[in-house]
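Inside the fold
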Amino acid sequence: MSEDKQVALVTGGNRGIGYELVKQLALKGFKVILASRDPEMGHEAAQKLMESNLDVSIVEMDVNNQESISQAALTVSERYGRLDVLINNAGVYLDKNEKLLAIDPGILEKTMATNFFGVYHVIRSFIPLMEKQGYGRIINVSSEYGAMSEMSYPGVGAYKLSKFALNGLTRLVAAEINGDIKINAVDPGWVSSDMGGPSAPRTPKQAAQSILWLATIGPEGPNGKFFREGKPIDW
């Protein structure tokens, strides 16, 4: 790896939007680390990309396990000594269209564990690598469901609350970090994937393109904002 080649990491990178993000970042010249909870699926996904001569490697990481996250951060630090772009893509959608107080509380707990606390612990573990070089770009894959206006409508409560909290985390971290480190949240829209289902109108490639521009913004770029299709939207 050349000294000036930027390093990016994508959580949940073995399928769907995550896989496409890994591919597109590699095509843009990044050294990309595909983070996957399932090492077998991760290796299979990475191998496909490496066969196209893309600079992709894998790290095993379960965002629901703090020890796994810490070990992954240590591995990245030892192997590369830097991290320029972090995309928090891993997430779950466990809701049925029921009222929040009617669902099994375990659904809310599992959703928050992955979609909020998982992201929190990943950022907390990896941001020292960015602080060391005074540069970094963090992108949280959120949802329009996380906007405050969505809280006025019933249903999908666990997912909505997890993304609402994620958006709040994005803004708070932006206010706290120093140096040329920027963090933003993006709604990729309704995407045809395991989560979005086959009826969704957007492809993973379209979703990835709506996210990736934030990976290369300059020092004058946005920080602590929430975007959909490149446009800021209300929290």
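Bear in mind that the values here come from a model prediction, so they are computed numbers and not experimental data.

1. Thoughts on helix H4 (residues 105–133)
Taking 1.5 Å as the rise per residue, H4 with 29 residues should run 42 Å; its terminal C-alpha atoms sit 42 Å apart, in good agreement. If you look at H4, its biggest bend is around 40 degrees, right at Ala-113. Regarding H4, its N-cap is Asp-104, as a side-chain oxygen of that residue lies 2.8 Å from the backbone nitrogen of Gly-106 further along. Where H4 ends, the next residue or the one after it, Gly-134, has phi of about 70 degrees, a positive value.

2. Looking at the pairing of strand E5 (residues 135–141)
Among the seven residues that make up E5, seven are buried, leaving the element largely enclosed by the rest of the structure. Of the two faces of E5, the one carrying Tyr-135, Arg-137, Ile-139 and Val-141 and the one carrying Gly-136, Ile-138 and Asn-140 are both buried. The pairing of strand E4 (residues 85–88) with E5 spans four bridges and is parallel. Note on E5: the bridge partner recorded for Asn-88 is Asn-140. Handedness of the crossover is the feature at issue here: the chain leaves E5, passes through helix H5 (residues 157–176), returns alongside strand E6 (residues 180–187), and the resulting connection is right-handed.

3. Details of the sheet that holds strand E2 (residues 31–36)
An order of E3-E2-E1-E4-E5-E6-E7-E8 is seen for the eight strands of this open sheet, with the pairing classed as mixed. Looking at strand neighbours, the two that pair on one side only are strand E3 (56–60) and strand E8 (231–232), the edges of this open sheet. Sheet topology note: the E5/E6 ladder contains seven bridges and is parallel. Its bridge partner lying in E6, Arg-137 is registered against Lys-182. Sheet strands in contact with helix H1 (residues 16–27) are strand E1 (7–11), E2, E3 and E4, and its direction is about 170 degrees off that of E1. Its contacts with the sheet place helix H3 (residues 66–80) against E1, E2 and E3, and it is angled at close to 145 degrees to E3.

4. Observations concerning the packing of H1 against helix H6 (residues 204–212)
With their axes 8 Å apart at the nearest point, H1 and H6 run at an angle of 60 degrees to one another. With respect to H6, the axis of H1 lies oblique. Seen along the crossing, H1 lies across H6 with a hand that is right-handed. Between H1, through Gly-16, Ile-17, Glu-20, Leu-21, Gln-24 and Leu-25, and H6, the contact on the second element is made entirely by Pro-204, Lys-205, Ala-207, Ala-208, Ile-211 and Leu-212. Here the contact of H1 with H6 is composed, by residue class, of eight nonpolar, two polar and two charged.

5. Remarks on the pattern of salt bridges
Two side chains bearing opposite charge may form a pair once their charged atoms approach each other closely. The tally for this structure, following the rule as stated, stands at six salt bridges. The salt bridge involving Lys-5 is made with Asp-55; its shortest N-O contact spans 2.8 Å. Taken together, the residues Lys-5 in the segment before E1 and Asp-55 in the loop between helix H2 (39–50) and E3 connect sequence positions 50 residues apart. Here Arg-228 ties to Asp-187 by a salt bridge, and the two come within 2.9 Å at their closest N and O atoms. Residue Arg-228 is found in strand E7 (residues 226–228), and its partner Asp-187 is found in strand E6; the two are separated by 41 residues along the sequence. A relative accessible area of 25% means that Arg-228 is categorised as partly exposed. Look at Asp-187 and you get buried, because its relative accessible area is 3%. Linked through salt bridges whose partners overlap, the residues forming this network are Lys-5, Lys-31 and Asp-55.

Parameters at a glance
Counting restarts for each chain, with residues numbered from 1 along the sequence as it is written. Totals for whole chains, interfaces and linings use all residues, but because this is a predicted model, local features are given only for residues with pLDDT of at least 70 and pairs of side-chain atoms are given and counted only at 80 or more. Processing note: side-chain calculations cover all non-hydrogen atoms of the structure and skip hydrogens and water entirely. For helices the rule is a DSSP run of H or I covering at least 4 residues; for strands it is a run of E covering at least 2, with both sets numbered from the N terminus onward. To estimate how far a helix should extend, the number of its residues minus one is multiplied by 1.5 Å. The angle separating two fitted axes, one through the seven residues that finish at a residue and one through the seven that start at it, defines the bend at that residue. Pairing of N or O atoms within 3.5 Å defines a polar contact, subject to two protein rules: one partner must be a possible hydrogen donor and the other a possible acceptor, and residues neighboring in sequence count only if both atoms are side-chain atoms. Relative accessible area decides the class of each residue, using a 1.4 Å probe on protein chains only: under 20% of the type maximum gives buried, over 50% gives exposed, and in between gives partly exposed. What makes two strands pair is DSSP finding at least two bridges between them. With its strands directed away from the observer, a crossover is right-handed exactly when the path from the first strand over the helix to the second travels clockwise. The contact rule is simple, with two residues in contact once any of their heavy atoms fall within 4.5 Å. To obtain an axis, a line is fitted to C-alpha atoms, over the contacting stretch when the element is a helix, and the angle between two such axes runs from 0 to 180 degrees between their N-to-C directions. With respect to orientation, any angle under 35 degrees is reported as roughly parallel, any angle over 145 as roughly antiparallel, any angle of 65 to 115 as roughly perpendicular, and every other angle as oblique. By definition, turning the near helix anticlockwise from the far helix through less than a right angle yields a left-handed crossing, and turning it clockwise yields a right-handed one. Classes in brief: Ala, Val, Leu, Ile, Met, Phe, Trp, Tyr, Cys and Pro nonpolar; Asp, Glu, Lys and Arg charged; the others, Gly included, polar. By convention in these notes, a salt bridge is any Lys or Arg side-chain nitrogen within 4 Å of a carboxyl oxygen on Asp or Glu.

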